[in-house]
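Below, each chain spelled out in residue letters.
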Amino acid sequence: MNITRCEQRNDADTWVLCPQCDMACRLPPLSIGTKAVCPRCHTTLNMHWPDPGRRPIAYAVSALIMLILANMFPFISMHVAGLSSEITLTRIPDIMVSDNFRSLAFLFLLLVQIIPASCLVMIILLVNHVKIPRSLRILLARLFFQLRSWGMAEIFMAGVLVSFVKLMAYGDIGLGISFWPWCLFCILQLRAFQSVDKRSLWRHIQPQQPLFKTPQAGISGLAQGMRSCPCCTAILPAETRICPRCSTAGTARKKQSLQWTLSLLLTSVMLYIPANIMPIMVTDALGSKITSNIMAGVVLLWSDGSYPVAMVIFIASIMVPSLKMLAIGWLSWNASGKGRRDNQKMHLIYEAVECVGRWSMIDVFVIAILSSLVRMGGLMNIYPAPGALLFASVVILTMFAALTFDPRLLWDRETKNRIEESGVETE
C-alpha cells in the first residue's frame, strides 16, 4: 500500500495544469538549464535550475548585503552654483513625509525596499530548509509567490537613471558610495527570484497528495472536473475549495473575474484623466513656482534634446498605461464570449500587460528622487504634487485589474462543450 501511494505521489508531481490556458500537461524529465512549456500557449511550466538548493540562497544573501550597504552611505549628490545637496535612500521617504506626501513615502518604502527585502529573507528561510513550523513555512511560501512581482527595485533604478538626465540640466551630479551596491542589489535580487523553483520548493514544504484520477493530456482541466491550485500548482477536484497542501482557497475559475477586472479598470480610467491634467511636480526657482504634469515633462525633455529619455517617459508614463487599459478592456470583451476567437493573440496581449504594466511607476520614482535631492534653499526646490499620487494609484489599480483577470477564460470557448457536459460551476 505504501509503495503504491508513493508511486501515485511521484506521478502527481509530473502532471500540471497550465496556469494560463488550463491544459493538462505531463512534464518530461528536464536536464539542467532546460524548461518545459505548455504546447498550446507556450507558458513556462517548469524549469530545472542548476544547483537549486544553493544558488537562490547565494543570490539572496548577497542581495541583502548589498541592500544594507546601499542604505548606509550617500546615494547621489548635486552641486549647483556653490550649493550642494546629498541624499541617502533612507532620506527619500523622510522628505516626502515632511512634504505631507505620506502615501508616496509609504509606497516607496513598500515597493522598493520592504517587499524585495522580505522576499529575499523568505527565500533564505524556505530554500535553506530552516527548522520552522510547517504552517509558518506554508504561509511564507504563499506570501513569497504573491509578493515577488510587486518588488520594484529595478524600476526605481531606471527612475534614478532618468532623473540624472533632468538633474544634469540644473547642475553637476555625483554618484555616492551607495549607488554601486544598489545596482548590484537590483541584479542579485532579480536573479534570486528567478532561480527559485516553485514546484521543487513546494515538494520540500509539503508533498503533493495522490491524484484523485489520472488527467488526460491535451484537455482542459475544467473539462475533466479538476482545477489547479493557484499557489502550489496541486491538481485538485474542481469542487474542492481549500487546497489541502497549502490551504489556499480557490475555484476552478476566479470568481467574478470579469466583474472585478472591469470595476478596477473603470476606476483607473476615472483617475487617469485627472492624473494627466493635474501637476505631478512643482519647481520653485528663485521664488517662482512652476507646475508641470506628465506631458509637460516629456515636452521639456524633448525640447532640451534628451530624445531617448523623453521617449522612455512618454512610453512608460503615457503610452503604456493607456494601452494597458485598452488591452485589459479588450481581453475582458474577448473573454466574455464576444469578439473574434484569436486565443494566441489574446494570450500575447495578456503577457505583455503583465510584463510592462508595473514599469509605469518609473515617473513616480523620478519625482521621488528629484523632490528629495533638489533642495537648494532659496535657489531651487522641487516638490511632489497631487497628480503623482493619482498616477501611482492608476498604476496600482491596473496591476490589480490584471491580477483579477483570469486568462483561462480566453481558452474556455475551445472546450465549451466538454465544460457543459461536466456540469462544473465556473463563476
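About the cut-offs
Residues numbered from 1 in each chain as written. Predicted model: local features only at pLDDT ≥ 70, side-chain atom pairs only at ≥ 80, totals over all residues. Heavy atoms only, no water. Helix = DSSP H or I, 4+ residues; strand = E, 2+ residues; numbered from the N terminus. Rg over C-alpha atoms; globule rule 2.2 N^0.38 Å. Buried < 20%, exposed > 50% of the residue type's maximum accessible area, 1.4 Å probe, protein only. Areas by Shrake-Rupley, 256 points an atom, 1.4 Å probe, with all protein chains shown as cover. Pairing = 2+ DSSP bridges. Axes fitted to C-alpha atoms, helices over the stretch in contact; angles between N-to-C directions. Contact = heavy atoms within 4.5 Å. Salt bridge = Lys/Arg side-chain N within 4 Å of Asp/Glu carboxyl O. UniProt positions renumbered as here; feature names shortened; annotations may be inferred. Phe/Tyr/Trp six-rings, centres within 6.5 Å; stacked < 30°, edge-to-face > 60°. Disulfide = S-S within 2.5 Å.

Trainee: Residue-level account of the overall build of the protein chain, with values.
Mentor: Within the protein chain, the secondary structure is distributed over 15 helices and twelve strands. For the protein chain, whose C-alpha radius of gyration is 24 Å, the value lies close to the compact-globule estimate of 22 Å for 427 residues. Overall, the protein chain is about 80 × 50 × 35 Å in size when its C-alpha atoms are taken along their principal axes. For the protein chain, buried positions account for 52% of its 427 residues. Surface accessibility of the protein chain: about 19,700 Å² in total, with carbon and sulfur atoms responsible for 63%.

Trainee: With reference to specific residues and values, describe the sheet that holds strand E11 (residues 288–292).
Mentor: Strands sit in the order E11-E10-E12 across an open sheet of three strands; the sheet is antiparallel. Since the sheet does not close on itself, it has two edges, and those belong to E11 and strand E12 (380–384), each with one partner. Direction aside, the axes of adjacent strands within the sheet are offset by 20° on average. Examined bridge by bridge, strand E10 (residues 281–285) and E11 share five bridges and lie antiparallel to one another. Looking at E11, one finds that Asp 284 is bridged to Lys 289. The sheet contacts of helix H13 (residues 362–373) involve E10 and E12, and relative to E12 the element is tilted by about 145°.

Trainee: I'd like a description of the pattern of salt bridges, backed by residues and values.
Mentor: Taken as a whole, this structure holds four salt bridges when the rule is applied. In this structure, the salt-bridge partner of Arg 253 is Asp 22, at a minimum N-O distance of 3.0 Å. Here the residue Arg 253 occupies a position in the loop between strand E9 (235–237) and helix H9 (257–277), and Asp 22 occupies one in the loop between strand E1 (15–17) and strand E2 (24–26), the gap between them amounting to 231 residues. One exposure class covers both Arg 253 and Asp 22, and it is buried.

Trainee: Residues and numbers for unusual backbone geometry, please.
Mentor: Phi angles above zero are rare outside glycine, and Asn 100 is one such case at about 65°. Mapping Asn 100 onto the fold places it in the loop between helix H3 (91–98) and helix H4 (102–127). Exposure remark for Asn 100: the relative accessible area of 58% places this residue in the exposed category. Although it is not a glycine, Gln 256 sits at a positive phi angle of roughly 50°. Within the secondary structure layout, Gln 256 lies in the loop between E9 and H9.

Trainee: How would you explain the UniProt feature "transmembrane region" (unreviewed entry) in the protein chain if you had to name every residue and give the values?
Mentor: UniProt marks residues 57–81, 101–127, 147–167, 173–193, 262–282, 309–335, 356–376 and 382–405 with the feature "transmembrane region" (unreviewed entry), using the numbering shown here. Taken end to end, residues 173–193 is 71% helix and 14% strand, and its first and last C-alpha atoms sit 32 Å apart. Span residues 309–335 is 100% helix and 0% strand, its end C-alpha atoms 36 Å apart.

Trainee: Explain the environment of Val 61 to me, and be specific about the residues and the numbers.
Mentor: One can find Val 61 in helix H2 (residues 55–72). Taking relative accessible area as the criterion, Val 61 reaches 34% and is therefore assigned partly exposed.

Trainee: Give a detailed account of the packing of aromatic side chains, specifying residues and quantitative values.
Mentor: Counted by the stated rule, this structure contains twelve aromatic pairs. With a centroid separation of 5.7 Å and 40° between ring planes, the pair formed by Tyr 350 and Phe 405 is classed as tilted. Here Tyr 350 is found in helix H12 (residues 343–356), whereas its partner Phe 405 is found in the loop between helix H14 (386–404) and helix H15 (416–422), with 55 residues between them in sequence. No difference in accessibility class separates Tyr 350 from Phe 405, as the two residues are buried. Taken together, the aromatic side chains of Phe 75, Phe 108, Phe 156, Phe 164, Phe 179, Trp 180, Trp 182, Phe 185 and Phe 365 make up a single cluster linked through ring pairs.

Trainee: So, the state of the cysteines: which residues are in play, and what are the values?
Mentor: In total, this model carries zero disulfides according to the counting rule given. Free of any disulfide, Cys 186 has its nearest neighbouring cysteine sulfur in Cys 183, separated by 6.6 Å. Residue Cys 243 stays outside any disulfide, its sulfur separated by 3.6 Å from that of Cys 232, the closest cysteine.

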